[in-house]
Amino acid sequence: MAKAGYGKRVAPDQAPPGPADFAGLEPREAAIAAYIDRLPEGAAIGYKVLAEELPDYGQQACRSALDRLTRAGHLRRVKVHVTVTDGQMRWVTRTYFSRTARDAAWWAAHVRFVRGLDAPGQPSAPAAVEAAVEPQPQPEPGDRAPRSETYGVLAALGRREPRLQLSEGDCVELEHLAGEWLARGVGREQLTQVLTSGLPTPVHSAGHFLRKRLETKMPPSPAPRPEKDHPSEQITGCVIMCLFCDEDETTTTLDHGVCLDCKEAIARDEAAGLTGDVPDTFLARPRAEVDVAARMAELRSAAARPVLPAPRQRR
């Protein structure tokens, strides 16, 4: 964990977690992004700390991966000027992470929101006007709209329990109720278990039965957790800073959250081949994925000792 008030912050209005998260990234960047996504707020996510926690990657590899995550719109480092309850004023550094990739305009608007000037993630007035008049792409005739995570949970119930086979219309009607369960912290498997356990015999109408169960067993909304690491703070300033150094947007030019000097240093490391994974011989422990059969064959070959015949028993 970082010092109190610093570290990871979760960006608002993210899509719920799913199997397709970070699918557009390279395997290394996707693995590091998934690791950061699982960390709690306030965790330290600098490239040096990540290299210590993820032994398969060195510092240069983690720095290069964070650069690519920043360019992909998942990370921004922000310097915030806060005044806390005791009247002390200080600058704190926080790294905002978004599971959903955002463009530069969204991140700029988010900084305005942190300062209390705009709604979260909403563009400023001129950008909003441009977005309003820009024509939105329309789906081609015959194309199906993408289904939500909750729709998939409901559609899969019939495979788990034939008595709960739903029609497409039933899934659409119940989608918002199931989505509220996920929004309140219930996982997909837990929701499926609740809906399929203790069924009466027979189930006359799966749609009506599930609606009743979703409504009557709805879990309570989670209580807001107190922000112990930054209580009662008043933000009086906020600027985006380079993800790797102390320069901010008021003193240097940033390209997708990284200053030009740091981008050049990362490019030099990549050109020199310094951003690859740590070689197996330098790992503190074996990698997570090990071919057990091949490893055992290697050990048997290394032993290469003749097998002595068992002694014959005396009569």
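Above: the structure in question.
Residues numbered from 1 in each chain as written. Predicted model: local features only at pLDDT ≥ 70, side-chain atom pairs only at ≥ 80, totals over all residues. Heavy atoms only, no water.

A closer look at unusual backbone geometry
Phase 1 of the analysis: Residues T201 and P202 are joined by a peptide bond in cis, for which omega reads -5°.
Phase 2 of the analysis: Examined against the element boundaries, P202 turns out to sit in the loop between α9 (188–196) and α10 (206–216). (Helix = DSSP H or I, 4+ residues; strand = E, 2+ residues; numbered from the N terminus.)

Observations regarding the state of the cysteines
Phase 1 of the analysis: Inspection of the entire model under this criterion finds zero disulfides.
Phase 2 of the analysis: With no disulfide of its own, C242 lies closest to C259 among cysteine sulfurs, the gap being 3.6 Å.
Phase 3 of the analysis: Looking at the unpaired C259, the closest cysteine sulfur is the one in C262, lying at 3.5 Å.
Phase 4 of the analysis: We classify C259 as buried; its relative accessible area is 2%. (Disulfide = S-S within 2.5 Å. Buried < 20%, exposed > 50% of the residue type's maximum accessible area, 1.4 Å probe, protein only.)

Observations concerning the side chain of R77
Phase 1 of the analysis: For R77, the location among the structural elements is in strand β2 (residues 75–83).
Phase 2 of the analysis: Under the relative-accessibility criterion, R77 is labelled buried at 16%.
Phase 3 of the analysis: Here C242 takes part through its backbone oxygen, which lies 3.0 Å from a polar atom of the side chain of R77.
Phase 4 of the analysis: The contacts of R77, once residues within four sequence positions are left out, are T93, R94, T95, V239, I240, M241, C242, L243, F244, C245 and D246. (Polar contact = N/O pair within 3.5 Å; in protein donor to acceptor, adjacent residues only side chain to side chain. Contact = heavy atoms within 4.5 Å.)

A look at helix α1 (residues 27–38)
Phase 1 of the analysis: Here α1 spans 17 Å end to end across 12 residues, near enough to the 16 Å set by a 1.5 Å rise per residue.
Phase 2 of the analysis: Looking at the buried side of α1, the elements it contacts are β1 (7–10), α2 (47–53), α3 (59–71) and β3 (89–97). (Expected span 1.5 Å × (residues − 1).)

Spatial relationships are all this shows, so hold off on functional conclusions.
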